[in-house]
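Fold and contact review
What follows is the residue order along each chain.
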Amino acid sequence: MPGSIALVGSGEYLPAMAALEHDLLDRGIEQGKKARYIQIPTAAGEESPERLQYWKKLGAVQAERLEVESEFLPIFTREDAFNVDYAAIIENSALMYMSGGNPHYLAEVLVDTPVWSAIHENWLSGASLAGCSAGAMVMSSEIPHFRFSKREPTPGLGLLPSIRVIPHFDKFFRWIPESAAKVVMQVQEGTVLIGIDELTALVRNFDNPHWQVHGHAKVHVLKGAPTSQFSHGDQITLPL
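Residues numbered from 1 in each chain as written. Predicted model: local features only at pLDDT ≥ 70, side-chain atom pairs only at ≥ 80, totals over all residues. Heavy atoms only, no water.

**Observations regarding the overall build of the protein chain**
Definition in use: Helix and strand labels come from DSSP, where a helix needs a run of H or I of at least four residues and a strand needs a run of E of at least two; each type is numbered from the N terminus. Two things to know: the radius of gyration comes from C-alpha atoms, and the globule rule equals 2.2 Å times the number of residues to the power 0.38. Here's how the labels work: a residue is buried when its accessible area is under 20% of the maximum for its type, exposed when over 50%, partly exposed in between, all with a 1.4 Å probe on protein chains only. By the convention used here, residues are in contact when the closest approach between their heavy atoms is within 4.5 Å. Accessible surface area values rest on a Shrake-Rupley calculation with a 1.4 Å probe, where residue burial reflects the displayed protein chains alone. His is not counted here, nor are the chain ends, while Lys and Arg score as positive and Asp and Glu score as negative. Note that the charge is assigned to NZ on lysines, CZ on arginines, CG on aspartates and CD on glutamates.
Along its length, the protein chain carries nine helices and 14 strands. Taking 2.2 N^0.38 as the reference for a compact globule, 240 residues should give roughly 18 Å; the C-alpha atoms of the protein chain span a radius of gyration of 16 Å, in line with that estimate. C-alpha atoms of the protein chain, sized along the principal axes, occupy 45 × 35 × 30 Å. The burial tally for the protein chain puts 54% of its 240 residues in the buried class. For the protein chain, contacts bridging at least 24 residues in sequence account for 70% of all contacts bridging at least 6. Of the roughly 10400 Å² of accessible surface on the protein chain, 51% is carried by carbon and sulfur atoms. Averaging the positions of the 19 positive and the 28 negative side-chain charges in the protein chain gives two centres separated by 6 Å.

In structure tokens, the structure reads:
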């Protein structure tokens, strides 16, 4: 049975999200996975060495809070994503976390690689998979360009082809021009568009047919299903 999956609006590795990450780890451990927390910082692969060290330290501190082993995998290029040693580390880990950055870069690096195959197979056999911001967006079948609205969407990883996520939703439309906002709000028939606020997540545990909201703010169903807002503890029925 697949493991839990978490779509996070923002806040990876922060104390405010520790309870969620603890629960995701526990669920993976219950499925026989090793108490190991995998950081997959690929979306930030174009950032400075200083920023990458920041993300590495932030995740390590969170792992200390959660009292589990952490592993920061420097998967920054497609060459890195073909590294079978990294794929082997991912295997049997309780929680795999794709953190924020550039969702287009993340998809382009991981698609059709041994690392993505290891992530997918480990999730299918019970490990938890979380994606924050870019990491949440990339799970859909395609990723629109928010700042370059005339560009064709980037193919996503397709794990959740019927769901598209706008992360940082409570701040998002302050950051992009109105023309780009119109593109973002367009979705194909059969796709549900979800806005997830900062420090908030939408989680599916596969022993439950519903998704559940975790965190400080709200999840917004915007298109493709009855529009509504949901808060911590609320359950939502969505397609996979």
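**Description of unusual backbone geometry**
A positive phi angle, near 60°, is found at D112, a position not held by glycine. Assignment of secondary structure puts D112 in the loop between α5 (103-110) and α6 (114-124). Residues other than glycine seldom take positive phi values, yet S133 does so here, at roughly 55°. With respect to the element layout, S133 can be found in the loop between β5 (128-132) and α7 (134-137).

**A word on the packing of aromatic side chains**
Put simply, the test is: Classification of ring pairs uses Phe, Tyr and Trp, with its six-membered ring standing for Trp, and accepts pairs whose centres are within 6.5 Å; under 30 degrees between planes counts as stacked, over 60 as edge-to-face, and the remaining range as tilted.
Scanning the entire structure with this criterion turns up six aromatic pairs. With a centroid separation of 6.5 Å and an interplanar angle of 15°, the aromatic rings of Y37 and Y97 are classed as stacked. In this pair, Y37 sits in strand β2 (residues 34-40) while Y97 sits in strand β4 (residues 93-98), placing the two residues 60 residues apart along the sequence. Assessed through its relative accessible area of 1%, Y97 is described here as buried. Members of the aromatic cluster, each reached through a chain of ring pairs, are Y13, Y37 and Y97.

**Thoughts on the environment of T237**
Spelled out, the test is: Counting of polar contacts relies on pairs of N or O atoms within 3.5 Å, with two restrictions inside protein: one atom must be capable of donating a hydrogen and the other of accepting it, and residues adjacent in sequence are counted only when both atoms are side-chain atoms.
If you trace the backbone, T237 turns up in the segment after β14 (235-236). Put simply, T237 and S128 are 109 residues apart on the chain and 20 Å apart in space, counted from C-alpha to C-alpha. Within the structure, the side chain of T237 is placed 2.8 Å from the side chain of H210, a separation counted as a polar contact.

**Examining the pairing of strand β3 (residues 69-72)**
Defined as follows: At least two bridges found by DSSP between two strands are what make those strands a pair.
The sheet contact formed by β2 and β3 spans four bridges and is parallel. Paired with Y37 across the two strands is S70, which belongs to β3.

**Some thoughts on the sheet that holds β2**
Operational definition: Here an angle of 0 to 180 degrees is reported between the N-to-C directions of two axes, which are lines fitted to C-alpha atoms, with helices fitted over the stretch in contact.
With respect to topology, eight strands assemble into an open sheet ordered β3-β2-β4-β5-β1-β10-β11-β14, the strand pairing being mixed. The sheet terminates laterally at β3 and β14, the two strands that pair on one side only. Summarising the sheet, β2 and β4 pair through five bridges and their orientation is parallel. Bridge pairing in β4 places K34 opposite S93. Across the sheet, α6 lies against β1 (5-8), β2, β4 and β5, angled at about 130° from β4, the strand it touches most.

**Quick word on the pattern of salt bridges**
Keep this limit in mind: For this document, the term salt bridge refers to a Lys or Arg side-chain nitrogen within 4 Å of an Asp or Glu carboxyl oxygen.
Summed over all chains, the structure comprises five salt bridges. Where E47 meets R51, a salt bridge forms, and the shortest distance between an N and an O atom there is 3.9 Å. Given a relative accessible area of 31%, E47 falls into the partly exposed group. Given a relative accessible area of 38%, R51 falls into the partly exposed group.

**Thoughts on empty space enclosed by the protein**
Spelled out, the test is: As defined here, a cavity is a set of points on a 1 Å grid over the protein atoms alone where a 1.4 Å probe fits but cannot get out. A pocket is an open set with protein on both sides within 12 Å along at least five of seven lines, and residues line them when an atom is within 4 Å of a point. Grid points are joined across faces, edges and corners, and a volume is the space filled by probe spheres set on the points. Gly is placed with the polar residues, together with every amino acid not listed as nonpolar (Ala, Val, Leu, Ile, Met, Phe, Trp, Tyr, Cys and Pro) or charged (Asp, Glu, Lys and Arg).
Going through the model one piece at a time under the given rule, you end up with one cavity of 30 Å³ or more. Estimated volume of the largest cavity: approximately 30 Å³. As for the largest cavity, its lining consists of M137, E142, I143, P144, F146, R164, V165 and I166. Where the lining of the largest cavity is concerned, the elements lending two or more residues are β6 (142-143) and β8 (163-166). Ranked by residue count, the leading element in the lining of the largest cavity is β8, at three residues. Of the residues in the lining of the largest cavity, the class split is six nonpolar, no polar and two charged.

**Brief notes about the pairing of strand β10 (residues 200-204)**
Counting buried residues along β10, five of its five residues qualify, which places the element largely inside the surrounding structure. Judged by which residues are buried, β10 turns out to be covered on both faces: T200, L202 and R204 on one side and A201 and V203 on the other are all buried. Pairing geometry for β1 and β10, over four bridges, is antiparallel. Looking across to β10, one finds that I5 is bridged to R204.

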